[in-house]
Amino acid sequence: MDLITPGTGLIFWQLIGFLGLLFILIKFAWKPMLEALEERESSIENALKSAEIARNEMANLKAENEKLLAEARKERDEILAKAHESSTRMIEEAKDQATKAGNEMIEKAKAVIETEKKAALAEVKTQVATLTLEVSEKLLRKNLSDDKAQKELVDEFVKDLKLN
Amino acid sequence: MKRKLLALSLLLSACMLWFTTPTMAAGSEEDKTSFIMHHVKDSHEWHFATFGHTHVTLPLPVIVYSGDRGLEFFMSTDFQNHDTHAFGKEYAHEGYFIDEHDHLGRVDEGSFLELSITKNVVMLFVVLAFLAWMALSAAGHYKKNGAVAPKGAAALIEPIVIFVRDEIAEKSIGPKYKKFVPYLLTLFLFIWFGNLLGLLPGAANLTGNIAVTFTLAILTFIITNVNGNKDYWKHVFATPGVPPAMLLIIVPVEIIGLFTKPFALMVRLFVAITAGHIVILGFIALAFIFESFAIGIVSTLMVTFINLIEILVATIQAYVFTLFSAMYIGSAVAEHAHDH
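Residues numbered from 1 in each chain as written. Chains lettered and ligands numbered in written order. Predicted model: local features only at pLDDT ≥ 70, side-chain atom pairs only at ≥ 80, totals over all residues. Heavy atoms only, no water.

**Quick look at the domain arrangement of chain B**
- Under the domain assignment used here, chain B contains domain 1 (60-117) and domain 2 (119-333).
- Computed from C-alpha coordinates alone, the two centres of domain 1 of chain B and domain 2 of chain B are separated by 32 Å. (Domains from an automatic or database assignment.)

Laid out in structure tokens, this is it:
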């Protein structure tokens with residue numbers, strides 16, 4: 001058998017054997033293997049893609065949460081501010097009312113005092129008049145003979161008057 | 001990894017020396033190197049070793065087809081001396097003989113077609129069986145487990161499948177690569193396993209046989225030209241951008257180019273593998289020619305070294321054959337004409 005002359009037998013068997021193996025392997029080895037590889041590659045790609053989507057969604061959710069939180073905070077602040085305002089207003093109102101009521105009461109009291117004062121003065125006047133009348137009566141009743149006695153009497157009465 | 005490779009080469013070398021020693025023991029000056037060509041060429045029997053007068057051989061079937069006698073089956077032992085296992089014209093059997101150069105001949109010099117199961121054909125069956133077993137058990141993994149991480153044979157085959165698909169087919173062929181991946185895969189693995197198994201001691205030089213590389217190159221040639229599109233044929237018969245007068249020269253050159261491509265494929269693999277085997281066996285032969293221990297040690301070291309290189313060459317040549325096949329197919333299916 002020569003080195004550089006191809007033997008017909010070997011060519012024949014090589015052709016049959018190689019082609020036979022090629023067809024067997026295409027059907028039973030390469031097709032399932034290449035399909036499985038492609039399937040795995042696409043599943044990895046899909047997994048990566050869905051992870052990316054999930055990550056984006058997470059970021060969106062987080063942003064949304066933060067937005068919500070900020071809104072809630074703002075609302076709370078507003079409510080607090082409103083409450084504060086209304087409470088101040090209520091206090092102011094209450095103060096006003098109290099002042100008004102107090103003033104009114106003072107006014108009333110003043111009026112009462114004035115009336116009382118007037119009544120008392122009137123009474124004093126009446127009393128003075130009565131006392132004057134009584135003194136005059138007593139003086140008249142007593143004998144006016146004795147000047148000294150008269151004077152003493154007058155003094156006595158005046159003393160009484162003062163005491164009254 | 002390096003240590004494993006080194007150990008593997010040493011083992012291979014040791015086995016080779018062991019196998020060749022008995023062959024060499026009793027021989028004339030010429031016999032000391034004749035075993036090299038005997039190993040490199042195909043043979044009608046598989047000769048493993050000779051101990052004294054005992055020949056350890058695997059007799060192989062001889063199949064002949066001739067127009068006048070039809071299909072005939074013999075055994076290689078029919079054509080040889082039973083004691084010396086030598087072929088020769090004097091041991092003719094039923095009108096056929098195998099001469100001392102292992103050629104089958106017909107006594108009446110009529111024409112015939114030889115379809116014998118030679119040493120390389122047996123080696124071919126071994127490689128095919130090994131490849132089928134590896135690929136089918138790898139595929140079984142996917143059938144059983146679906147698209148999960150590979151294990152076992154699949155873990156060995158899968159990186160090669162991905163490499164051939166992505167690095168060779170897709171890059172050299174372009175968008176239409178999918179159709180050719182199975183052929184390129186089978187081609188790569190056949191050549192690779194053939195090269196590696198051929199390095200084993202006692203194995204046959206299958207992928208370094210010109211009939212094998214011829215058949216593989218022809219297959220690439222057929223696939224390339226069957227799939228050739230309009231642009232490809234236009235490029236051959238009416239090369240764009242060339243003055244009409246020049247076409248007289250260019251077209252024949254392009255037509256020759258169609259055939260030189262597979263020819264280069266055929267010769268490259270044949271030469272690379274055969275040369276490797278010859279170099280290894282040559283270094284082994286040195287020890288017997290000089291009959292010196294010192295040369296023996298040096299030649300063993302050299303054989304180890306060459307074996308390491310041959311493992312590399314086995315892979316590179318499989319890669320190169322597949323890559324060039326893919327490039328030729330790629331040039332045939334490319335959508336746009338090349339710019340010149």
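**Here we look at the pairing of strand β3 (residues 61-66) of chain B**
Residues and elements named next belong to chain B.
- Taken together, the six bridges between β3 and strand β4 (residues 70-75) define a ladder with antiparallel strand orientation. The partner of Ile63 across the bridge, within β4, is Phe73.
- Here β3 hands over to β4 after three residues, the two strands then running antiparallel side by side.
- Here β3 pairs with strand β7 (residues 113-114) via two bridges, running antiparallel. (Pairing = 2+ DSSP bridges. Helix = DSSP H or I, 4+ residues; strand = E, 2+ residues; numbered from the N terminus.)

**Some thoughts on the interface of chain B and chain A**
- Across the contact, 57 residues belong to chain B and 34 residues belong to chain A.
- Where chain B abuts chain A, roughly 4000 Å² becomes buried across the two surfaces, and 77% of that area is made up of carbon and sulfur atoms.
- Salt-bridge contacts for Arg40(A) lead to Glu158(B); the nearest nitrogen and oxygen are separated by 2.7 Å.
- Linking chain B with chain A are eight residue pairs in polar contact (both at pLDDT 80 or more). (Contact = heavy atoms within 4.5 Å. Buried area = accessible area lost by both parts, 1.4 Å probe. Salt bridge = Lys/Arg side-chain N within 4 Å of Asp/Glu carboxyl O. Polar contact = N/O pair within 3.5 Å; in protein donor to acceptor, adjacent residues only side chain to side chain.)

**With respect to the side chain of Thr304(B)**
All names here are of chain B.
- Within the secondary structure, Thr304 is located in helix α9 (residues 293-333).
- A relative accessible area of 7% means that Thr304 is categorised as buried.
- Leave out the neighbours within four places in its chain, and Thr304 touches Leu6, Ser9, Leu10 and Ser13. (Buried < 20%, exposed > 50% of the residue type's maximum accessible area, 1.4 Å probe, protein only.)

**Brief notes about the environment of Leu269(B)**
- Along the chain, the position of Leu269(B) falls in helix α8 (residues 244-290).
- Those residues in contact with Leu269(B) that sit more than four places away from it in its chain are Ile191(B), Asn195(B), Thr207(B), Thr213(B), Gln317(B) and Phe321(B).

**Let's talk about a nonpolar patch on the surface**
- Together, Tyr65(B), Leu71(B), Phe73(B) and Leu113(B) line one region of the surface with nonpolar side chains, adding up to about 420 Å² of accessible area.
- Turning to its location among the elements, Leu113(B) is positioned in strand β7. (Patch = residues over 30% accessible without salt bridge, like charges linked within 9 Å, V, L, I, M, F, W, Y side chains within 5 Å. Areas by Shrake-Rupley, 256 points an atom, 1.4 Å probe, with all protein chains shown as cover.)

**Side note on the sheet that holds β7(B)**
- If you walk across this open sheet you meet the three strands as β4-β3-β7 (chain B), and the pairing is antiparallel. The open sheet has two edge strands, β4 and β7 of chain B, and neither has a second partner.

**Focus: the pairing of strand β1 (residues 45-51) of chain B**
Residue and element names in this part refer to chain B.
- Alignment of β1 against strand β2 (residues 54-59), held across six bridges, turns out to be antiparallel. Residue pairing in the sheet places Glu45 in a bridge with Pro59 of β2.
- Counted along the chain from β1 to the antiparallel partner β2, the turn is two residues long, and its residue Gly52 has a positive phi close to 60 degrees.

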